[in-house]
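What follows is each chain in one-letter form.
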Amino acid sequence: MSAAGVSTVRLFPEWPGFEARKGQMNWSDGDRLLKSASEHRLEINAILMGSAPGTKAGHTFPMEHLDDWRGYVSSVVGRYGNQVRYWEVWNEGKVFSSRRRHTTSDYAQLAIATYESAKQAHPRAKVGLTVASYDAPYLHQTIRAMRAQGKPNSFDFLCIHPYEIADGLVDRDGEIPFLWMTRSLRSMLKEAAPERANAEIWMTEIGHRLASSKDHAVTEQDAAKSLAKMYVMAIAQGIACSQWFEAQDPIGEDQGFGLIARNGQPRAAFHTLKTLVSVLGDQPKYEGWLPIGQTGQGYGFVFQGRKDPVLVGWMPQGCRDDEAQRSYRFSGDIEVFDALSTTSAKLPAGQSLVVGETPVFVLGVPAKLVQGAQANASQPFPRSEEHTSEL
C-alpha cells in the first residue's frame with residue numbers, strides 16, 4: 001500500500017479482541033497490528049466498537065455497559081495513544097443502531113463517554129463521529145443531542161462514507177453534490193456546534209465496486225477514473241483524509257472494491273492512486289478551481305504539486321461539446337498524464353490538448369491560469385451551467 005502512496009489505514013481490533021473476559025486484557029492483536037503498520041510506514045486510525053465482554057449483543061451500542069466501555073477506551077487509548085491519534089466512535093453508527101432501535105441520543109451519549117475517556121487517557125487523542133453514507137441529518141441530530149446533554153463539542157472530526165453520492169459521478173453533473181458535501185456539513189456545524197465549525201472532515205470509506213451484470217457494468221478503468229475524481233474533489237473542498245475501500249479484496253467476502261484483487265494483482269485504481277500521489281505530492285496544496293472548456297462544462301482544479309503547479313481536469317459524463325470545444329493550447333510547454341496511464345506525454349507550447357471524461361494531470365500550468373484559479377478559490381464551486389470560461 002505504501003508503494004501506491006497510501007499513508008493511513010483504517011483498521012483496529014474490536015473490544016472483544018482485547019478483552020474477551022472482563023478485566024483480562026490481551027494486547028497481542030493490537031501490538032502486532034501497530035508493529036506491522038510502523039514497519040510499512042503506515043499510520044493507523046482506529047475504530048472503537050464492539051460488544052461488552054461476556055455479552056452476545058453483536059454490534060449494538062453498549063448502553064448498559066457504559067462504565068465498562070469507558071474503562072476499555074481509557075485502556076486502549078492509553079496504550080496506543082502515542083501511535084494512534086484518530087479514533088472513530090463505532091463504524092457507521094446509524095446502521096448498527098437502527099438494528100436495535102438505538103437513537104441519536106444513545107449515540108451522543110456513547111460518543112461523549114468515548115471523548116471524555118480518550119482525552120483523559122491521552123491529551124492528543126482525536127475523537128470522531130461516524131455515519132453510514134452521507135447522512136448529514138444523523139450527525140446533526142447526534143450533535144444536537146450532545147448539546148441537550150450540555151456537551152456539544154465532544155468530538156474533534158466527522159467521518160462520512162458517501163458511496164451513494166460517489167456513484168452519481170457516472171451521471172451528468174454528478175460532481176455537483178459531491179463538491180457541496182463539506183459546505184453542507186460546515187453549515188450544520190455552525191448551527192449545532194459553532195466551536196466545532198472548522199472540525200476536520202474525513203471520508204473514511206469511499207469506493208466504486210466493479211460489476212459485470214447485464215444491467216450494470218463497472219470496469220477497472222471506471223473505478224480508476226472515479227478514484228481520481230473523488231480524491232481531487234475531496235482535497236479541493238478541504239476534506240482532510242480520504243480512504244479507499246478497500247486495500248485488497250478479502251477472502252470470503254464480496255469482491256470488487258479493492259485496489260488489489262484477491263489474487264494479489266494491482267488493479268487500475270492502484271496505479272491511478274500511485275500517479276496521483278507522484279504528481280500532486282503527499283500533501284498537495286489546493287490553489288483554486290477553473291471551469292474547463294469554451295462552454296464551461298468541465299471541472300478543473302489547480303494544485304501546487306510536488307514540483308510545479310498542476311491542473312487536474314475532465315469533462316462531465318455526457319458532455320456534448322465537440323473536440324474543438326474541448327481542445328486547448330497552453331502558452332508554455334506542459335507535461336500530461338491521464339488517470340489511466342503510468343506514463344506522460346510532453347506537449348510543446350501551442351499544441352492542442354483534448355480533455356475528455358478521463359481526468360488529465362497537466363504539469364507546468366501557466367501562471368495566468370494559476371492566478372485565475374486562486375481568484376476562484378474562495379468562491380462556491382460552480383454549477384457548470386452558470387459559469388463559462390476559456391483556457
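Residues numbered from 1 in each chain as written. Predicted model: local features only at pLDDT ≥ 70, side-chain atom pairs only at ≥ 80, totals over all residues. Heavy atoms only, no water.

Caption draft 1: Up close: the sheet that holds strand S5 (residues 157–160). The seven strands lie next to each other as S1-S2-S3-S4-S5-S6-S9, forming an open sheet whose pairing is parallel. Here the strands that pair on one side only, and so sit at the sheet edges, are strand S1 (8–10) and strand S9 (241–244). For this sheet, the mean inter-axis angle between neighbouring strands, taken without regard to orientation, is 25°. Looking at chain direction, S5 and strand S6 (residues 200–206) are connected through four bridges and run parallel. Within the sheet, the bridge partner assigned to cysteine 159 lies in S6 and is tryptophan 202. (Pairing = 2+ DSSP bridges. Helix = DSSP H or I, 4+ residues; strand = E, 2+ residues; numbered from the N terminus. Axes fitted to C-alpha atoms, helices over the stretch in contact; angles between N-to-C directions.)

Caption draft 2: Molecular detail of helix H6 (residues 136–148). With 13 residues, H6 should cover 18 Å at 1.5 Å per step; its first-to-last C-alpha distance of 18 Å lies within 8% of that length. Residues Ala136, Tyr138, Leu139, His140, Thr142, Ile143, Ala145 and Met146 constitute the buried set of H6. One side-chain oxygen of the residue at the start of H6 lies 3.1 Å from the amide nitrogen of tyrosine 138, identifying that residue as aspartate 135. A positive backbone phi angle near 80° is found at glycine 150, which sits one or two residues after H6. (Expected span 1.5 Å × (residues − 1). Buried < 20%, exposed > 50% of the residue type's maximum accessible area, 1.4 Å probe, protein only. Polar contact = N/O pair within 3.5 Å; in protein donor to acceptor, adjacent residues only side chain to side chain.)

Caption draft 3: Region of interest: the pattern of salt bridges. Applying the stated rule across the entire model yields 13 salt bridges. Here aspartate 29 makes a salt bridge to arginine 32, at a shortest N to O gap of 2.6 Å. With aspartate 29 and arginine 32 both in helix H2 (residues 28–39) and three residues apart, this pair spans about one turn of that helix. Taking relative accessible area as the criterion, arginine 32 reaches 52% and is therefore assigned exposed. Here aspartate 156 and lysine 119 are joined by a salt bridge, their closest N and O atoms 3.1 Å apart. Of this pair, aspartate 156 sits in the loop between H6 and S5 while lysine 119 sits in helix H5 (residues 104–121), placing them 37 residues apart in sequence. Overall, the relative accessible area of 22% leaves lysine 119 in the partly exposed class. One continuous salt-bridge network, built from bridges that share partners, spans Arg10, Glu88 and Glu205. (Salt bridge = Lys/Arg side-chain N within 4 Å of Asp/Glu carboxyl O.)

Caption draft 4: Representation of the pairing of S5. Residues Phe157 and Cys159 point to one face of S5 and Leu158 and Ile160 to the other, with burial holding for every one of them. Bridge count for strand S4 (residues 126–130) against S5 is three bridges, and the pairing is parallel. The residue bridging threonine 130 from the neighbouring strand is cysteine 159, located in S5.

Caption draft 5: Region of the structure containing helix H12 (residues 367–376). Those residues of H12 that fall on the buried side of the exposure criterion are Leu369, Val370, Ala373 and Asn376. End-on view of H12: buried residues confined to an arc of 120°, all on one side of the axis. Exposed residues lying more than 90 degrees from the buried face of H12 are Ala367, Lys368 and Ala375. Contacts from the buried residues of H12 go to strand S10 (285–292), strand S11 (298–304) and strand S12 (309–314). (Arc of directions from axis to C-beta. Contact = heavy atoms within 4.5 Å.)

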